[in-house]
Structures are given as C-alpha cells and as structure tokens.
Amino acid sequence: MKLLIVGGGGREHAIIKKLKENPEVAVIYALPGNGGIAQDAVCVPEIGAKDIPAIVDFAKTHAIDFAVVAPDDPLALGCVDRLHEAGIPCFGPDAKAARIESSKVFSKNLMRTYGIPTAAYEVFHDPKAALEYLSTASFPIVIKADGLALGKGVLIPQNLDEAASAVKTIMEDKAFGDSGNEIVIEEFLTGPEVSVLAFTDGTAIRPMVSSMDHKRAGDGDTGLNTGGMGTVAPNPFYTAEIAQVCMDTIFLPTLAAMRAEGCPFKGCLYFGLMLTPDGPKVIEYNCRFGDPETQVVLPLLKTDLLTIMQAVEQETLADLDVEWSDGAAACVILASGGYPGHYEKGKVLTIPEALPANVTVYHAGDKLDGGVLVTSGGRVLGITAAAPTLKEALTDAYTAAEAVDFEGKYMRHDIGRRALAAMED
Ligand code: AMP
Ligand code: GLY
C-alpha cells in the first residue's frame, strides 16, 4: 500500500514508524516531512502541510491508498474534506468536526449545551464588555483567544492590570491575528493535568494510554509555555476509576454532542483534562494527536495502527480490540538553546549509531544540508524510551538524550519527576 502523511514533526515521525510495522505498507510519503523522517519515509519538502491543493494533487497523481492528516492547520482548512472529495480514504476529522479545536467558542458552547464538565466561562466580542466583566472577577482568571494560536493563545492574568493588558494583546494588538476576534474568559481550575488521546469513528471510542505533557520551558514548570518539552505515559494520576468517570461524563457525551450537532468526529480526539477537586473537567480538546504525547503513546500500542485507522475511516471501530503494552514510556525533547524565544539554526546533529533497542529518536526540527542532518526548528528531537517501569524508561531516555549532541542543545532535567513522586505516594 502507498500511504501519505501530512506534517513534518516528531508526532508525524512516531506515526510513520508505527505505520511501517505493517508489512503491507510499501511506501510512505511525508508532506513535507523533515531531515530525520527521510530515514523512514519519502519526504516532499516542497509541499507544506497547509498547501491543500498541492497535497490533494500529489495524492491523486501518486495513487495514494490511505492518507493521514496530522496537524491542526490542514484539518481546520478542510484537507480531509478535499481528500475525500478526490476519493482518497483518510484518517482525520473534516473541517466541521475540527472546529472542536479550531474554535474555543464552539467547543465551550458545545460543552455547556451538552452538560460536559468544563470551567465556567463567558464569551466576548467586544474588549470594553470584557473589561467590564473583568472588573468584578476574581483572580487568577484564564483568557483564551478563540482560534488556533500555536498553543500560545492562553493567558492567565493574576490581577486586573494584567487582565487588561491580556485583553489588549489579544483583541486590539491582535497578537494571535484573527484568532483573537473573540475571546473566552474562564474560571481558573486547579489539579493535575492529563492528556488522553482516543481513536474514534464518531460512535465507538478506544482511548489510548494516558500521558502527561510538560509545557513550560524550564525545570520545575517555570519559564515560557512551549509546544511541550517532554512526556510520560501512562499518567499515574489517571486511575482506572477516573478513566471510567471520564468515559461516562466526558468522552461518550462529547461524541454524542458532535453527532447531534451534525459533525460526527472521526480521527484522533485529544482530551486535555484537569483532575479538579470537583472531578475531571475538560481544559481543551484537540482534533489530532498531541505532540509530544504521541511519541510516548504509540510506542506502547500493540495493535496494528493502520488497521485501527482504517476501522475509524470505515466506522467499524466497535469490532476492533485495541491492545496496549503494560509498560511505560518517557520522551525527553532536545530543543535549540533559546526556544521558545529566538534560537539559532543549522547546528550539526551527532546521534550515536548504536542506541539501546528500547530507545527511539523521533525527529522534529531538522533538515538535510548536503547529506548532513542539521537543526532547523525549536524542538529538534524527541528521545523516547519504553521500559517495564517509568523509572527505567526515564533513565534510558535521559542516558540517550545525553549521548546525542548539537551546539546549544537544551532539555529539561525533570521530565517525569512529578509522575514518579505521585507513584511513590
Ligand atoms: P491550552 O492551550 O488550552 O492547553 O492551555 C494551556 C495551558 O493553560 C493548559 O495546559 C493549562 O495548564 C492552562 N489552562 C488552560 N485553561 C485553564 C483553566 N481554566 N484553569 C487553569 N489552567 C488552565
Ligand atoms: N502537547 C500538546 C499539544 O499537542 O497540543
């Protein structure tokens, strides 16, 4: 079979490596892919992930049997709709269903209408009305731009002054472009955060192993928000009992709500949850695999990924058992010094030939320069280890992360520390 994947980061590399385990897969094209992904797929750097006409054209001329659209932008832009119109089976939600991520106003209203637990909130179109509301609010409070903002459209002001400048940044200075035409102001929640990715065909759902992201740049959860500096799976805060509560009060009601709204969700639905003193609540939905959650979740998948994706497409997921290994996985992101602020590119990567069999290097931000791998992004590599216990997985991931080198290499040194502490309690 000939497969195509849209995207070019660590998440896409993890999906590609898993898809390749199926012996029927003859070739995978990655649009655009990246330097390291080129070891596992045929990369097409000329076609960017948002160039929908070129993607559809490529799929048609290369007689693609199955496509996977991984990033949020092409999903929101209707890449899956256009591929389907061209007769190409694919994995991912259509644009209408992708609104669950691309519009926070849509997702918050969905949760309110269908009684799905989430932070209390108000929507504002007008900065003046927002400020009036904030003048009597209690702090901290959470302000979110409506649209996609590379994970940066969430501000948590501690007082009215900070709140006023947050409203100005989003609605008047348009720091996140048109994403900030509307804002959601919501209650500040507390509790451990859990990411749960789930395969769904609109009706049946198969949650994946839970995971924990580490979003801040610095050790001890300090510094700026990033795309994610490391992950562990499973998440020890997410017990079997909590999983059942989430299934009954969040997962199944969300799928039913999307069907009732006329936009059944097919693909990977990501539930960003907070385990509050009042029970699990939804912080955000993503319409896609998380990055770097995917780099710890997919290595634990035992069932063939292509078979699952095809069952989602054909709406036969109810007939499929999806199995997971009992072990754990940890991923440490190696970033360019300075990320998420300014950083230099073009640093040569040195990756040892022989790494232990349980370690995988996922390439996120590199390219080939005259046959040599050099850095080209903020998050460069994800070093994942899978092992029987989280402790072993972390030790192996960090040992390998130390052995990989490039000028300016930066990583957090406390990935998984909170998870390990929770397991010892
Ligand atoms: P998001 O981009 O929606 O994932 O938000 C980024 C981060 O902001 C989340 O991972 C949370 O840590 C935090 N956050 C978002 N919404 C809330 C909330 N209502 N209460 C507390 N923290 C929040
Ligand atoms: N790691 C969070 C995300 O993919 O949005």
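Our subject is the structure that appears above.
Let me begin by describing the structure that accompanies this report. (Residues numbered from 1 in each chain as written. Chains lettered and ligands numbered in written order. Predicted model: local features only at pLDDT ≥ 70, side-chain atom pairs only at ≥ 80, totals over all residues. Heavy atoms only, no water.)

A closer look at the environment of Leu273
As a reminder of what qualifies: A helix here means a DSSP run of H or I that spans at least four residues, while a strand means a run of E at least two residues long, and both kinds are numbered starting from the N terminus. The cut-offs for exposure are 20% and 50% of the maximum accessible area for each residue type, with area from a 1.4 Å probe on protein chains only; residues under the lower value are buried, those over the upper are exposed, and the others partly exposed. Whether two residues touch is decided by their heavy atoms; if any such pair falls within 4.5 Å, the residues are in contact.
Within the element layout of this structure, Leu273 appears in strand β16 (residues 267-276). Leu273 gets classed as buried once you look at its relative accessible area, which sits at 1%. In the structure, Leu273 is positioned 82 residues away from Gly191 in sequence and 9.4 Å away in space, judged by C-alpha atoms. Setting aside chain neighbours within four positions, we find Leu273 in contact with Pro192, Glu193, Val194, Val196, Tyr238, Cys246, Ile250, Phe251, Lys281, Val282 and Ile283.

Here we look at a nonpolar patch on the surface
For clarity, the threshold we go by: Each patch is built from residues that are more than 30% exposed by relative accessible area and take part in no salt bridge. Like charges join if they lie within 9 Å; nonpolar side chains (Val, Leu, Ile, Met, Phe, Trp, Tyr) join within 5 Å. Under the convention used here, a 1.4 Å probe and the Shrake-Rupley method define accessible areas, while residue burial counts only the protein chains that appear. The salt bridge criterion pairs a side-chain nitrogen of Lys or Arg with a carboxyl oxygen of Asp or Glu, the two atoms within 4 Å.
A cluster of nonpolar side chains, contributed by Val154, Ile156 and Phe188, occupies part of the molecular surface with about 220 Å² of accessible area. Following the sequence through the fold, Phe188 ends up in the loop between β9 (183-187) and β10 (193-200).

Considering the state of the cysteines
Cysteine pairs can be linked by a disulfide, which is a covalent bond between their two sulfur atoms. What counts is decided by this rule: Here, a disulfide means two cysteine sulfur atoms that sit within 2.5 Å of each other.
The full count for this structure, using the stated rule, is zero disulfides. You can see Cys246 has no disulfide; the closest cysteine sulfur is in Cys268, sitting 16 Å from it. Here Cys331 stays unpaired: no disulfide links it, and the sulfur of Cys268, its closest cysteine neighbor, is 16 Å away. Among the residues examined, Cys331 registers a relative accessible area of 0% and is labelled buried.

What to know about the site of ligand 2
Going by this rule: Being near a molecule or strand, for a residue, means having at least one of its heavy atoms within 4 Å of it. Here a polar contact means two N or O atoms within 3.5 Å. Within protein one must be a hydrogen donor candidate and the other an acceptor candidate, and residues neighboring in sequence count only if both atoms are side-chain atoms. All amino acids are sorted into three groups, where Ala, Val, Leu, Ile, Met, Phe, Trp, Tyr, Cys and Pro are nonpolar, Asp, Glu, Lys and Arg are charged, and the leftover types, Gly among them, are polar.
Around ligand 2, the surrounding shell consists of Asp213, Gly227, Tyr270, Asn286, Arg288, Gly290, Asp291, Pro292 and Glu293. Within the side chain of Arg288, an N or O atom sits 2.9 Å from an oxygen atom of ligand 2. For ligand 2, the protein covers 88% of the area, taking 200 Å² as the surface of the free molecule. Its residues assigned to classes, the shell around ligand 2 comprises two nonpolar, three polar and four charged.

Comments concerning helix α12 (residues 390-403)
Filter applied, for reference: Every helix has an expected span of 1.5 Å times one less than the residues it contains. By arc we mean the arc of the directions from the helix axis to the C-beta atoms, nothing more.
Compared with an ideal rise of 1.5 Å per residue, which puts 14 residues at 20 Å, α12 spans 20 Å between its outermost C-alpha atoms and is within 8% of the ideal. Considered for burial, the residues of α12 that qualify are Leu390, Ala393, Leu394, Ala397, Tyr398, Ala400 and Ala401. Projected onto a plane normal to the axis of α12, the buried residues spread over an arc of 165° and lie on a single side. Along α12, exposed side chains directed more than 90 degrees from the buried face belong to Lys391, Thr399 and Glu402. On its buried face, α12 sits against β15 (230-233), β18 (328-336), β19 (359-363), β22 (379-387), β23 (409-410) and α13 (417-424).

Examining the sheet that holds strand β5 (residues 90-91)
For the record, the criterion: Any two strands are treated as partners once DSSP identifies two or more bridges connecting them. Every axis in this analysis is a line fitted to C-alpha atoms, fitted for helices over the stretch in contact. Angles between the N-to-C directions lie between 0 and 180 degrees.
A sheet is described by the order of its strands in space; here five strands give the open sequence β3-β2-β1-β4-β5, paired in parallel fashion. In this open sheet, the two strands that pair with only one neighbour each are β3 (42-43) and β5. The pairing of strand β4 (residues 66-69) with β5 spans two bridges and is parallel. If you follow Val68 over to β5, its bridge partner there is Phe91. In the packing of helix α11 (residues 305-314) onto the sheet, the strands contacted are β1 (2-7), β4 and β5, and the crossing angle to β4 comes to about 90°.

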